[in-house]
Structure formats: structure tokens, C-alpha cells
Amino acid sequence: MSFYEDKFDQVLANIEKVRLRVNQHQIIKIIAVSKSVDAHAISSMYDIGQRAFGENKVQDLKIKVEALEELPLEWHFIGRLQSNKINHLIDLNPSLLHSCSCLEMAKEIDKRLEVKNKKMNVLLQINSANEQEKAGVTPENAQQIYEEILSTCKHIKLKGVMSIGAHSDDEKLIRKSFETTYKIFESLKNKDAKYCSMGMSNDYELAVECGANMLRLGSAFFK
Ligand SMILES: *Cc1c(COP(=O)(O)O)cnc(C)c1O
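On a predicted model such as this, the values are computed, not experimentally measured, just so you know. (Residues numbered from 1 in each chain as written. Predicted model: local features only at pLDDT ≥ 70, side-chain atom pairs only at ≥ 80, totals over all residues. Heavy atoms only, no water.)

Participant: Give me the nonpolar core: which residues, what numbers.
Facilitator: By size, the foremost hydrophobic cluster in this structure holds 66 residues, and its most contacted members are Ile 15, Leu 81, Ile 149, Ile 156, Leu 215 and Phe 221. Ile 31, Ala 52, Met 162 and Met 214 belong to the second largest nonpolar core, which has six residues in total. (Core = buried A, V, L, I, M, F, W, Y, C linked by side-chain atoms within 4.5 Å. Buried < 20%, exposed > 50% of the residue type's maximum accessible area, 1.4 Å probe, protein only.)

Participant: Describe the site of the ligand, listing the residues and the values that go with them.
Facilitator: Near the ligand the following residues occur: Val 33, Lys 35, Ile 78, Ile 164, Met 200, Ser 201, Arg 216, Leu 217, Gly 218 and Ser 219. Contact between the ligand and Arg 216: a nitrogen atom at 2.9 Å from a side-chain N or O atom of the residue. At a separation of 2.8 Å, an oxygen atom of the ligand approaches a polar backbone atom of Gly 218. Within the complex, the protein chains bury 84% of what would otherwise be the 390 Å² of accessible surface of the ligand. (Near = heavy atom within 4 Å. Polar contact = N/O pair within 3.5 Å; in protein donor to acceptor, adjacent residues only side chain to side chain. Areas by Shrake-Rupley, 256 points an atom, 1.4 Å probe, with all protein chains shown as cover.)

Participant: Could you give an account of the packing of aromatic side chains, with specific residues and numbers?
Facilitator: Two aromatic rings, taken as a pair, are described by how far apart their centres are and by the angle between their planes. Under the counting rule described, the total for this entry stands at six aromatic pairs. Measuring from centroid to centroid gives 5.9 Å for Tyr 182 and Phe 185, while their planes differ by 55°, and the two rings are tilted. In this pair, Tyr 182 and Phe 185 both sit in helix H7 (residues 171-188), three residues apart, roughly one turn of the helix. Between Phe 221 and Phe 222, the aromatic rings sit 6.2 Å apart at their centres with planes inclined by 80°, giving edge-to-face as the arrangement. (Phe/Tyr/Trp six-rings, centres within 6.5 Å; stacked < 30°, edge-to-face > 60°. Helix = DSSP H or I, 4+ residues; strand = E, 2+ residues; numbered from the N terminus.)

Have a look at this one:
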């Protein structure tokens, strides 16, 4: 039995409880955020059925992609992306970049993709509680920037939005930040937005309640 099996089952049960109450037709995708663990831990999670993993540093992603090459894993990039790392990220063929945080970054990524004749699935990160320390576009500008990326960045396949819940002990504030993100996501559904990536180990049940269909969970599994 895998070391992670109990935790995994518990998290799935928690998600399922909310999901069935909110929308039983909603499929929820779990990204296991493996930034704090090594390839062995990832392989153990793979053994109990997890396929999608998330990293927040390009260098760590590269090490793990190479160490686990033989497994059919799906890699997500969720961290801040420096422009001198964009080419490295593209070369690792991530399945989804969650953290495109402004129009300039989208244009830069698009330029590099064009040179390499590649495409990339991308989410637009929204700073839904307007927090100084967080990356992402403001809720006010999100729709317009999303549409601008759609119309100008032909090598980016924009697939939805990502957000980190408000940094607060007040559940009301966290809920409000999720609702803000979900509203934007809804307004973009007719533009092919498929993923609303929000919810981490401390707030994933609330995120599901607010409409998240992609969760990024690290410590809930690996701590
Ligand atoms: C680390 C990280 C997560 C996972 O955080 P946990 O609280 O460990 O679940 C999710 N999203 C981003 C962007 C992260 O950096």
C-alpha cells in the first residue's frame, strides 16, 4: 500500500461530498503539487492513480520530468515564470501553464512559441483579491486581457483562468475571491474557457463550492 493512500482517499472523499451537493455533473481535476517532494513521492502517487502533477520552478520541473520520463504523467506549471525561463519551459512540453499573469508575458511566450513552431495550453492568472504580493491581472481587466490574448497570441491556447484564494483567515474574504474568479470564468465560457483552477490544500472544499473544476493540492497529500 502506498504511503499516500489514506490521505488521497480522504481528500477525494472531501471533494466528492461538496461536488455532489453543488453539481454532480461537474468533473473536478486534481493537480498534485509536488514542489516539496522528490521523484519517489511522485511515483508513489502515480501508483495510486494520480497522473497530473504541478511544479512552480522550471528547474525542478525539468529534473522531475527527466527522472520520471517512463511514466505517462501530465505536468502543470503553476509558479512565477521569469522571462529567461520561458524557452526552457516550452522545451519541457507542459500540459498546462496556470500562471500567465499579464499580457506582456503572454506576448513573450507567444513569440518564443512561434520561433519553436509550438503551441501551449495556458490559463490567465487573476489576482482576485487585488493583493499586492500576488501576481495576476486585476478582476476589472481580466476579461479584456483574456480577449486580447485570444486575438493576438496565436500560439497560445487559452483554456481558462487560475487564481489563488485571498490570503486571509476570514472565510468570507476567501469565498469572495473565489466568486470573483468564477464570475470571470463564466463570462469567458463562450470563448472556450474550460478550466477554473482555484483551491489549494487549505481552501479546496470552498473552491469546489464556488465552481472550481481544477484544484492544486500540495500539502494535503505530501505533508
Ligand atoms: C504551492 C502551491 C499550491 C499548493 O499549495 P498547498 O497549500 O500545499 O496545497 C497551489 N498553487 C500554487 C500556485 C502553489 O504555489
